[in-house]
There are 2 protein chains.
Amino acid sequence: MRDFIINGAEAYLPSLSLDCVIFGFHENQGKVLLLKTKNAKQWALPGGFIFKNEDVDEAAKRVLKERTGLSEIFLKQFNVFGEPKRSDANFHRKILKKDGIELADGHWLFQRFVTIGYYALVEYSYVNPEPDSFSEQCTWQDIDDLPELMMDHREILDQALRTLRQHLSYHPIGYNLLPQKFTMPQLQKLYETILDKKLDRRNFQRKILSYGILKRLKAVKKGVAHKAPYLYSFDLPKYQRALKEGLQGGW
Amino acid sequence: MRDFIINGAEAYLPSLSLDCVIFGFHENQGKVLLLKTKNAKQWALPGGFIFKNEDVDEAAKRVLKERTGLSEIFLKQFNVFGEPKRSDANFHRKILKKDGIELADGHWLFQRFVTIGYYALVEYSYVNPEPDSFSEQCTWQDIDDLPELMMDHREILDQALRTLRQHLSYHPIGYNLLPQKFTMPQLQKLYETILDKKLDRRNFQRKILSYGILKRLKAVKKGVAHKAPYLYSFDLPKYQRALKEGLQGGW
């Protein structure tokens, strides 16, 4: 950590950071990946800085990979948080002091940082959370029962969730979050978990089918008394196109 | 301009800029506000830098106000453009040289800039375009017939338009773009202009009414032979709530 702090000004773009809100979904539960800050009671979003010659989106992928082990994940920039007062040099100064690190007032870590917010959606049973050098723990926390977060991280998290819910109107979701074959109730449950509300079964089915991103698989005879539910999978070329161009059924 | 260039490193956050895609709509035409760069054939988006103690969104409002005279306008951050190669020091160096300004290699204007993209929607007959100190003209250009743009500004513009179209699925638009009282065909025409496609009249009416943001005004007898079309106005409290929370009729 000392190297990182001392050499940061050389290595990273000044004044700019990024924070990732990594949502995890598994068996109808919504979680978010948080780091417990060393020497403080607050938790933090996984975040980092951008190398001087690094693409900003690549930097976000790097942070996601470092904290979760995952790559090739849906990761989306959603907002820039740029209030002058959001950076809190004193907070960092106190934490570092407890580790015996004292830095001059003009040190790069104490400058104003504008942060770029990203959100990601992952199946949380696939993830191996890894703390960074400022943290003692990296764990999943229930969206409904969050610990105290540092600085404006709670606001960043809340806005990520609002944005994710709005994006459901024009982005497909579900790939990588559900098994390869799934039932309509499984897909509906995923939407209900993200939206935190019940949806009407018929309306859900009509609407989701109208997007044209699902393939209904051949029914398999199971020899059971009542009819097995149909299985679906995503039609990947159509899913990818919808990710780029937006879902049908908007305007 | 010389003052700005010499003192910029003191005044502004390093490495960070913003660019505004200002869409203008008037009588079924879509335009975008562009600046003709001095000493170069390319055009540019209105943009600027962020003062060291200035909120990022406030900086965008300041730029919009400086170029258009307008404030209180719907202005939305939509993406960060952060490729390392997007900044082109040579382009700026050549332009400045033609003005007799030669700067050292490490000058702040020649660093890598990450830029924050905003878009705005305005009624373009209300706007008095004002060039900035790098530009010789500031004018409206047809969306369908754009001149060559500098750096990655064309990509920024295209992405703003794609985002605006997607946002129509969950954001209301029209306030400040239409007269206070308007007909359903006027509102439909605005959507058609933005989307660059025809919409079905009945479906449009059903969907837009389902959002609950319109008030139908009392029909006024005009003494003409055939029925006058109903006039509508936006229900502002509901419109503002929808801007914040998203339109009804999503999930």
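As a reminder, the structure under discussion sits directly above these lines.
Residues numbered from 1 in each chain as written. Chains lettered and ligands numbered in written order. Predicted model: local features only at pLDDT ≥ 70, side-chain atom pairs only at ≥ 80, totals over all residues. Heavy atoms only, no water.

**As for the overall build of chain A**
What counts, and what does not: Elements are defined by DSSP. Helices are runs of H or I of four residues or more, strands are runs of E of two residues or more, and each kind is numbered from the N terminus. Whether a residue is buried, partly exposed or exposed follows from its accessible area with a 1.4 Å probe, protein chains only, as a fraction of its type maximum: under 20%, in between, or over 50%, in that order. In these tables, accessible area is a Shrake-Rupley quantity obtained with a 1.4 Å probe, and a residue counts as shielded only by the protein chains included in the view. Residues scored as charged are limited to Lys and Arg (positive) and Asp and Glu (negative), so that His and the chain ends carry no count. By convention, charge coordinates are those of NZ in Lys, CZ in Arg, CG in Asp, or CD in Glu.
Along the backbone of chain A there are seven helices and 10 strands. For chain A, the spread of C-alpha atoms along the principal axes amounts to about 75 × 35 × 25 Å. Here chain A holds 251 residues, and the buried ones make up 52% of them. Looking at chain A as shown, the accessible area adds up to about 12900 Å², and 47% of this sits on carbon and sulfur atoms. Counting 38 positive and 31 negative side-chain charges, chain A places the centres of these two groups 10 Å from one another.

**So, the interface of chain A and chain B**
For clarity, the cut-off: Whether two residues are in contact is decided by their heavy atoms: any pair within 4.5 Å suffices. By buried area we mean the combined loss of accessible area, with a 1.4 Å probe, across both parts when two parts are placed together. We define a salt bridge as a contact between a side-chain nitrogen of Lys or Arg and a carboxyl oxygen of Asp or Glu at a distance within 4 Å. Two N or O atoms count as a polar contact when they lie within 3.5 Å, although within protein this holds only if one can serve as hydrogen donor and the other as acceptor, and sequence-adjacent residues are included solely when both atoms are side-chain atoms.
At the junction of the two partners, chain A supplies 40 residues and chain B supplies 40 residues. Of the roughly 3100 Å² buried between chain A and chain B on both sides combined, carbon and sulfur atoms contribute 57%. Between the two partners, chain A and chain B, sit zero salt bridges. Our count for the contact surface shared by chain A and chain B stands at 10 residue pairs in polar contact (both at pLDDT 80 or more). Secondary structure elements with two or more residues in the side of chain A that touches chain B: strand S1 (12–26), strand S4 (47–51), strand S5 (75–81), strand S6 (114–123), helix H4 (153–167), helix H5 (184–195), helix H6 (201–210) and helix H7 (236–245) of chain A. Top element by residues in the side of chain A that touches chain B is S1(A). It accounts for four residues.

**Some remarks on the environment of His92(A)**
Residues and elements named next belong to chain A. With respect to the secondary-structure elements, histidine 92 resides in helix H3 (residues 89–98). In the structure, histidine 92 is positioned 51 residues away from lysine 41 in sequence and 13 Å away in space, judged by C-alpha atoms. Contact partners of histidine 92, with chain neighbours within four places excluded, come to Phe110, Met150 and Met151.

**Digging into helix H6 (residues 201–210) of chain B**
Of the residues flanking the start of H6(B), the one acting as N-cap is Asp200(B), its side-chain oxygen 3.3 Å from the backbone nitrogen of Arg202(B). Just downstream of H6(B) lies Gly212(B), where phi reads positive at about 70°.

**Remarks on the pattern of salt bridges**
Residues and elements named next belong to chain A. For the structure shown, the criterion picks out 24 salt bridges over all chains. A salt bridge links arginine 62 to glutamate 66; its shortest N-O distance comes to 3.6 Å. You can see arginine 62 and its partner glutamate 66 sitting in helix H2 (residues 56–68), four residues apart, about one turn around the helix. A residue is classified by how much of its surface remains accessible, and arginine 62, at 21% relative accessible area, is partly exposed. Salt bridges linked by common partners bring Glu54, Arg62, Glu66 and Arg67 together as one network.

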